[in-house]
Structure formats: structure tokens, C-alpha cells
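Listed here are the chains, written in short residue letters.
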Amino acid sequence: MRLSRWRGKPVILFYEDKDSTKLNAGLKEELFARGKERNLLGAATVVAVANLMKFDFFPARQIALSYVRDEEKKVGVPILVDLNGTMGAAPWTLPLKTSNVLLLDAQGVLLYRHSGKMKPEEQTAFFETLSKLVGVDLTTPVAAPAGPGATP
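What you are looking at is a predicted structure, and each value in this text was computed from that prediction instead of being measured. (Residues numbered from 1 in each chain as written. Predicted model: local features only at pLDDT ≥ 70, side-chain atom pairs only at ≥ 80, totals over all residues. Heavy atoms only, no water.)

A. How the structure looks around the pattern of salt bridges. By the definition in use, this model includes eight salt bridges. Residues arginine 61 and aspartate 56 are paired through a salt bridge, measuring 2.7 Å at the closest nitrogen-oxygen approach. Owing to a relative accessible area of 33%, aspartate 56 belongs among the partly exposed residues under this scheme. (Salt bridge = Lys/Arg side-chain N within 4 Å of Asp/Glu carboxyl O. Buried < 20%, exposed > 50% of the residue type's maximum accessible area, 1.4 Å probe, protein only.)

B. Focus on the packing of helix 1 (residues 25-37) against helix 3 (residues 120-134). Following both chains from N to C, one finds helix 1 and helix 3 inclined at 35°, their axes separated by 12 Å at the closest point. Helix 3 is crossed by helix 1, and the crossing has right-handed handedness. Taken together, the residues of helix 3 that come into contact with helix 1 (itself represented by Leu27, Glu30, Leu31 and Arg34) are Gln123, Phe126, Phe127 and Leu130. Looking at the contact of helix 1 with helix 3 residue by residue, the class counts come to five nonpolar, one polar and two charged. (Axes fitted to C-alpha atoms, helices over the stretch in contact; angles between N-to-C directions. Helix = DSSP H or I, 4+ residues; strand = E, 2+ residues; numbered from the N terminus. Left-handed = near helix turned anticlockwise from the far one by under 90°. Contact = heavy atoms within 4.5 Å. Nonpolar A, V, L, I, M, F, W, Y, C, P; charged D, E, K, R; others polar.)

C. Geometry of unusual backbone geometry. Here the residue pair phenylalanine 58 and proline 59 is connected by a cis peptide bond, since its omega of 0° sits within 30 degrees of zero. Cis geometry marks the peptide bond from alanine 90 to proline 91; its omega dihedral reads 10°. Mapped onto the fold, proline 91 is located in the loop between strand 3 (79-82) and strand 4 (100-104). Phi angles above zero are rare outside glycine, and asparagine 39 is one such case at about 55°. Position of asparagine 39 among the secondary structure elements: in the loop between helix 1 and strand 2 (45-51). Overall, the relative accessible area of 70% leaves asparagine 39 in the exposed class. If you check the backbone angles, threonine 93 has positive phi at about 40° while not being a glycine.

D. Structural context of helix 3. Its 15 residues place the ends of helix 3 21 Å apart at the C-alpha level, agreeing with the 21 Å of an ideal helix rising 1.5 Å per residue. Among the residues making up helix 3, those that are buried are Phe126, Phe127, Thr129, Leu130, Ser131 and Val134. For helix 3, the elements touching its buried residues are strand 1 (11-17), helix 1, strand 4 and strand 5 (110-115). Phi turns positive one or two residues past the end of helix 3, at glycine 135, with a value near 75°. (Expected span 1.5 Å × (residues − 1).)

E. Structural context of the environment of arginine 69. Structurally, the position occupied by arginine 69 is in helix 2 (residues 60-75). When its relative accessible area of 33% is taken as the criterion, arginine 69 is described as partly exposed. Along the chain, arginine 69 and glutamine 123 lie 54 residues apart, while their C-alpha atoms are 28 Å from each other. In contact with arginine 69, not counting residues within four places along its chain, are Ile79 and Val81. Among the polar contacts made by the side chain of arginine 69, one reaches the side chain of glutamate 72 at a distance of 3.3 Å. (Polar contact = N/O pair within 3.5 Å; in protein donor to acceptor, adjacent residues only side chain to side chain.)

F. Representation of the packing of aromatic side chains within the structure. Summed over all chains, the structure comprises two aromatic pairs. A centroid spacing of 5.7 Å and a plane angle of 75° characterise the contact between tyrosine 112 and phenylalanine 126, whose relative ring orientation is edge-to-face. Residue tyrosine 112 is found in strand 5, and its partner phenylalanine 126 is found in helix 3; the two are separated by 14 residues along the sequence. With respect to class, tyrosine 112 is no different from phenylalanine 126; both count as buried. Aromatic side chains phenylalanine 126 and phenylalanine 127 sit 5.3 Å apart centroid to centroid with 80° between the ring planes, which places their arrangement in the edge-to-face category. On the basis of relative accessible area, phenylalanine 126 is assigned to the buried category, the value being 0%. Overall, phenylalanine 127 belongs to the buried group, its relative accessible area being 2%. The rings of Tyr112, Phe126 and Phe127 are connected pair by pair, giving a single aromatic cluster. Note that arginine 34 overlies the ring of phenylalanine 127, its terminal NZ or CZ placed 3.8 Å from the centroid. (Phe/Tyr/Trp six-rings, centres within 6.5 Å; stacked < 30°, edge-to-face > 60°. Lys NZ or Arg CZ within 6 Å of the ring centre and 35° of its normal.)

Encoded structure:
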């Protein structure tokens with residue numbers, strides 16, 4: 001499948017192997033929370049790609065694909081599958097054994113790329129770039145709900 005399929009909107013792409021899905025879980029949660037709070041969930045397309053290279057043999061392949069489909073239903077985001085390391089080859093050359101986060105503009109131009117666990121300043125850079133693409137400030141975290149005794 002070609003990423004050009006999603007041209008027309010910014011694309012946030014996560015490419016991860018099984019052992020790396022939790023590395024940037026905080027970013028994923030914050031991305032959803034900020035998008036929901038600002039009514040922007042449709043402003044960009046989220047594309048998840050699961051690196052299943054190490055499961056490309058019988059019977060592991062079917063078990064892994066079944067697991068991915070279950071996860072897809074839970075998170076509500078389509079999860080593409082990379083069985084042969086396509087995203088690790090040119091032109092992307094992404095590391096295969098970590099979490100990768102990419103941000104492409106509406107024309108498919110790569111504007112942000114990070115591999116590994118994001119530090120807070122890297123998340124800030126990601127949200128600054130995404131803010132420019134969607135035209136809304138996403139740099140401030142979601143407001144915490146007021147607790148008991150809080151003044152409005």
C-alpha cells in the first residue's frame with residue numbers, strides 16, 4: 001500500500017515492532033487527547049504500521065495478524081502490516097526494532113521524523129510541527145479536569 005493514498009491531509013505515521021509499541025504510548029495518548037479536546041480528530045490521518053517481520057512464518061503469521069486485527073478494533077485506527085521490512089528499506093530506511101514517528105504534510109513531504117522513545121522536548125517539536133499543519137495550537141497539554149473544591 002502506498003502512503004500517497006492519504007495525501008490531502010497531514011499524516012502521522014507510527015511504525016513499530018511488537019516490543020516497541022509502548023515506547024511512545026504517552027505521545028499517542030496525548031495526541032488523541034489534544035485532538036479530541038480541540039475537535040481536530042479528523043484534521044490529520046493517523047497511520048499505524050506493525051513490523052511483523054519476525055512473525056513471517058507458519059503458524060506465527062496468522063496468530064500475529066489476528067492479534068493486529070484485535071488491536072485495530074480496540075484503538076479504532078487502521079493498522080497496516082509490514083511482513084518483509086519494507087519501511088526499513090529506501091526511501092524510508094526506518095530502524096526496524098523501535099518506535100518510529102513520522103509527520104508528513106498534505107502533499108506527502110516528510111516534516112518530522114523520530115526513532116526511539118521521545119523526550120519531552122522532542123514531543124514539543126512534534127506538536128509544534130503538527131500545529132502548523134492543522135492551523136491550531138496543539139502545543140499546550142490537555143487541561144486537567146477540575147478536582148473537588150477547585151474554583152472555576
